Amino acid sequence: MIANNFFTALGDFFTNVLFIPFNKMRSLDSWWVSNSINFLLVFIGFIAFGYWMLQMRKNSKGANL
């Protein structure tokens, strides 16, 4: 019973609180504003990938692979 209430509350929190920005973006008419979060996530991904590659290069020079 407690687990059921916990998962119901967790699902309610995700549906009604965390998705508010996405529900507001759904009603926008501008393509650029609607997809700004996608551009931001792609930019963060490129930065993380570049950092990862630099760390791999630094570690492979020391290991003499």
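Residues numbered from 1 in each chain as written. Predicted model: local features only at pLDDT ≥ 70, side-chain atom pairs only at ≥ 80, totals over all residues. Heavy atoms only, no water.

Q: How do you make sense of the packing of aromatic side chains when you look at a structure like this?
A: Any aromatic ring pair is given by two values, namely how distant the centres are and how the planes are angled relative to each other. Taken as a whole, this structure holds seven aromatic pairs when the rule is applied. Taken together, a centroid distance of 5.8 Å and an interplanar angle of 70° make the contact between W31 and F39 edge-to-face. Judged by its relative accessible area of 42%, F39 falls in the partly exposed class. Here the aromatic residues W31, W32 and F39 are joined through ring pairs into a cluster of three or more. (Phe/Tyr/Trp six-rings, centres within 6.5 Å; stacked < 30°, edge-to-face > 60°. Buried < 20%, exposed > 50% of the residue type's maximum accessible area, 1.4 Å probe, protein only.)

Q: I would appreciate a short explanation of the environment of D12 in the present structure.
A: In this fold, D12 is placed in helix α1 (residues 2-18). By relative accessible area, which is 44% here, D12 ends up partly exposed. Along the sequence, D12 and N59 sit 47 residues apart, while their C-alpha atoms lie 45 Å from each other. (Helix = DSSP H or I, 4+ residues; strand = E, 2+ residues; numbered from the N terminus.)

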